[in-house]
Amino acid sequence: MSPDLPPAGVEALRTAVRRAVAAGDRTDARRLRAELRAAERARDAAAPPPEHVPRVPLRERVHRVLALIGVPAAPKLVGAVHHAFLDGPGLSVPRPADLRRAEERAFRSAPDARPYYVCAALTADALTPARGLLALSTWPPETRMIGPRSARTDFLTAAVRVAEHAARLGPDRAERLLRRFAANIPGAAAGGVGTVDAAALAEAARAELAVHAAADARDRARAARRAAARLDAAGLLFGARPAPDRTHGVAR
Amino acid sequence: MTENTADTAPDLDRLRAGAPPRNHDARTIAALTANPGCARRGVLDAAGVDKDAVARHLGFGTPFGQSQFALARGNAFEAQVKADGCAELLTLLRDRLGLAVAEVFYDDLAVEDGESREARHARTRRLLARALDSAEGTLFDHPMLRLDIAGHPAYLEPDVIAFQLGGRFHVVEIKSFAVVDGQAEPEQVAAAARQAAVYVLALRRLVAELGHDPARVAHEIFLVCPEDFSNRPSATPVDVRPQLAVLERQLARLTRVRDILADLPPDLSFALDEGLGDAVRAVGARYAPECVSGCEMAYFCRDEARACGATGVLGRGVRDDLGGVDTVGAALALARGTAEPPAELAETAALLRTAARLRREALGGAA
């Protein structure tokens, strides 16, 4: 084997074969080809057989994450939490509205047939679906209302839940996620540089939460009462339908 | 809508030959201020003609749009700053401006696709009215604003945030160009300031309509850009008063587009057929090399200006120096003394002759 080859790398062997052929070195090429075949066989034998992984449906995975953080969340946060805490393939919800629409169809064709639905969070003022947020039908209605302070309180609540979960599982599970929370919560990054203490993060988030919680709960409860009075069962979960656009596209 | 503009609207509709009006956005409105002397652009924009389609029909389509990479980078940075109820932006505003911890109101005025622009504008009005009355509310994301452009309401869906601090609104514009050591590329900042000025103006009109003092919208905007070579956002205040002044003058001028229309043939239309070239040429343009970066018609106008030897091709500076001398040929004739200048151009002609003499001397008679 020529000295510049990394050990038994299939790609490296392929390159070496090409180089030998190009250089017209037949004996070397023959020897390298044999090595390449052996390396390929070894690789194929080492690879685990494509085992049957039970695929968890997207809605189920989203449900697990939302149940963990307990507040409406954007797909990006859902994906990050899933990556940090739940094993298995990564989770991406590229179009949350599509998922919600599928859930809405299922709900409308057979109401309450499923134990839970991934549904919308509703804007407190218009009761329309809040953009880009996912929620669970099993939550109390006020949790699914988004008032003016709710984006912040939900962010802080998610920080508390994630920090507590991380503390249970061990500190390095969600390092990146915790850092992201800590960077934007005052007093959360009090520890050493580059590390985040889950307990300190939870405490800082709770401290800010205390400032907003009461007013936010009031706004949300009021919106939930209005929603209950105005919307039917499907509307309560998936929001009032917005008025359709009759004009041409929107200038961006 | 004023009486003055109401009766130009049918004329403008005719110019489009039945096509729906193109929407303005802050970019196109800001571009209006770039070349105020251009009647062609004024008329085409006022009528909402699809300039890109016109230029392509004439064989002068712009070969490239905005870079996909730049767009993707811009969107990613914006998403990062706005994630989780603008968590990063709040941190930034708390650090830089001492925003109180309790000021965390965030209203996303955009909704899922499918809602009409009128309904969204109404929602923006409702929430801003509440905020103006109670001084409650911090961040208003994606406000749907409206600005009357030559008698047509243009809806603006800015990717900006209206930010209320101490009862005053500021426009927060998120851009992905880097601010390195407190310095950013002046051209980028100027373009951002022009766009932001459009939003400030639209927001001021809205505040005035709601019965409040338009000065509650500050002329100081906040530009949020990545800091140095990181992805960390930084906020820089930018005073957009000069841009606002230019914009207001331009919009006033646009609504007087009737004066330009009066001089045009009554049956003029920009329908995409064989008469299009003549129709476009019927409206005078004022080409300058800078047009290429801001106007879809630029390549057509450049071709036209080169063909007739207009001085504008050599740049605005040259055109202004040669005030009154429209073509390169005329300028050369004056310089060589082969043409007799009219009285009002005597000074320019003398300068040109001096320049020609200096050039001859410098070249030692070689030219």
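Before reading on, note that the structure itself is shown above.
I will try to describe carefully the structure that is included in this document. (Residues numbered from 1 in each chain as written. Chains lettered and ligands numbered in written order. Predicted model: local features only at pLDDT ≥ 70, side-chain atom pairs only at ≥ 80, totals over all residues. Heavy atoms only, no water.)

A word on empty space enclosed by the protein
All names here are of chain B. This is how it is decided: The rule is simple: put a 1 Å grid over the protein atoms alone, call a set of points where a 1.4 Å probe fits but cannot get out a cavity, call an open set with protein on both sides within 12 Å along at least five of seven lines a pocket, and count a residue as lining if it has an atom within 4 Å of a point. Grid points are joined across faces, edges and corners, and a volume is the space filled by probe spheres set on the points. Throughout this entry, Asp, Glu, Lys and Arg are counted as charged residues, while Ala, Val, Leu, Ile, Met, Phe, Trp, Tyr, Cys and Pro are counted as nonpolar. The remaining residues, Gly among them, count as polar. Secondary structure elements are taken from DSSP: a helix is a run of H or I of four residues or more, a strand is a run of E of two residues or more, and numbering for both begins at the N terminus.
Taken as a whole and judged by the stated rule, the model has 2 cavities of 30 Å³ or more. R22, T28, D45, V49 and K51 are the residues nearest the centre of the largest cavity, which is lined by 11 residues in total. Tallied by class, the residues present in the lining of the largest cavity amount to 1 nonpolar, 4 polar and 6 charged. The calculated volume of the second largest cavity comes to roughly 40 Å³. For the second largest cavity, the full set of lining residues is L32, N35, P36, C38, R41, G42, Q250 and R253. Broken down by secondary-structure element, the contributors of at least two residues to the lining of the second largest cavity are α4 (39-46) and α9 (241-254).

Focus on a positive patch on the surface
Basically, it comes down to this: The patches described consist of residues with a relative accessible area above 30% and no salt bridge, like charges being joined within 9 Å and nonpolar side chains (Val, Leu, Ile, Met, Phe, Trp, Tyr) within 5 Å. Method for areas: the Shrake-Rupley scheme with a 1.4 Å probe, in which residue coverage is limited to the protein chains shown. Just to be clear on terms, a salt bridge is a Lys or Arg side-chain nitrogen sitting within 4 Å of an Asp or Glu carboxyl oxygen. A residue counts as positive if it is Lys or Arg and as negative if it is Asp or Glu; His and the chain ends are not included. A single reference atom marks each charge: NZ on Lys, CZ on Arg, CG on Asp, CD on Glu.
A cluster of like positive charges, contributed by R26, R30, R33, R37 and R41 of chain A, occupies part of the molecular surface. Looking at the element boundaries, R33 of chain A is found in helix α2 (residues 26-46).

Overview of the pairing of strand β8 (residues 233-239) of chain B
Residues and elements named next belong to chain B. Rules: Note: two strands are recorded as paired if DSSP finds a minimum of 2 bridges between them.
Alignment of strand β7 (residues 220-226) against β8, held across 7 bridges, turns out to be antiparallel. Bridging across to β8, E220 finds its partner in D239. Between β7 and β8, which pair antiparallel and follow one another directly, the connecting turn spans 6 residues, one of which, D228, has a positive phi of 50 degrees.

Points about the side chain of H142 of chain B
Quick note on the threshold: Buried means the residue's accessible area, taken with a 1.4 Å probe over protein chains only, is under 20% of the maximum for its type, while exposed means over 50%, and partly exposed covers the values in between. Residues adjacent in sequence count toward polar contacts only when both atoms are side-chain atoms; beyond that, a polar contact is any pair of N or O atoms within 3.5 Å, and within protein one must be able to donate a hydrogen and the other to accept it. Contacts are residue-level and defined by heavy atoms, with any inter-residue pair within 4.5 Å sufficient.
Among the secondary structure elements, H142 of chain B is positioned in the loop between β2 (139-141) and β3 (145-149). Judged by relative accessible area, H142 of chain B falls into the buried class, the value being 8%. In this structure the side chain of H142 of chain B is engaged in a polar contact, spanning 3.1 Å, whose partner is the side chain of D108 of chain B. Residue contacts for H142 of chain B: discarding those within four places in its chain leaves R131 of chain A together with K82, D108, L109, A110, R120, P158, D159 and V160 of chain B.

Details of the nonpolar core
Just so we agree on the cut-off: Each nonpolar core is a collection of buried residues, namely Ala, Val, Leu, Ile, Met, Phe, Trp, Tyr and Cys, held together in the definition by side-chain atoms within 4.5 Å.
Ranked by internal contacts, the top residues of the largest apolar core, which has 51 residues, are F181 and I185 of chain A. One finds F140, L145, I149 and V171 of chain B within the second-largest nonpolar core, a separate group that totals 41 residues.

A look at the layout of surface pockets
Volume-wise, the second largest pocket comes out at about 820 Å³. Forming the walls of the second largest pocket are 27 residues, and the residues nearest its centre are R176, R180 and N184 of chain A together with Q80 and E88 of chain B. Counting only elements with at least two residues in the lining of the second largest pocket, the list comes to α4 (75-85) and α7 (175-183) of chain A together with α6 (68-97) of chain B. In terms of residue count, the dominant contributor to the lining of the second largest pocket is α6 of chain B (9 residues). Residue classes in the lining of the second largest pocket are distributed as 11 nonpolar, 5 polar and 11 charged.

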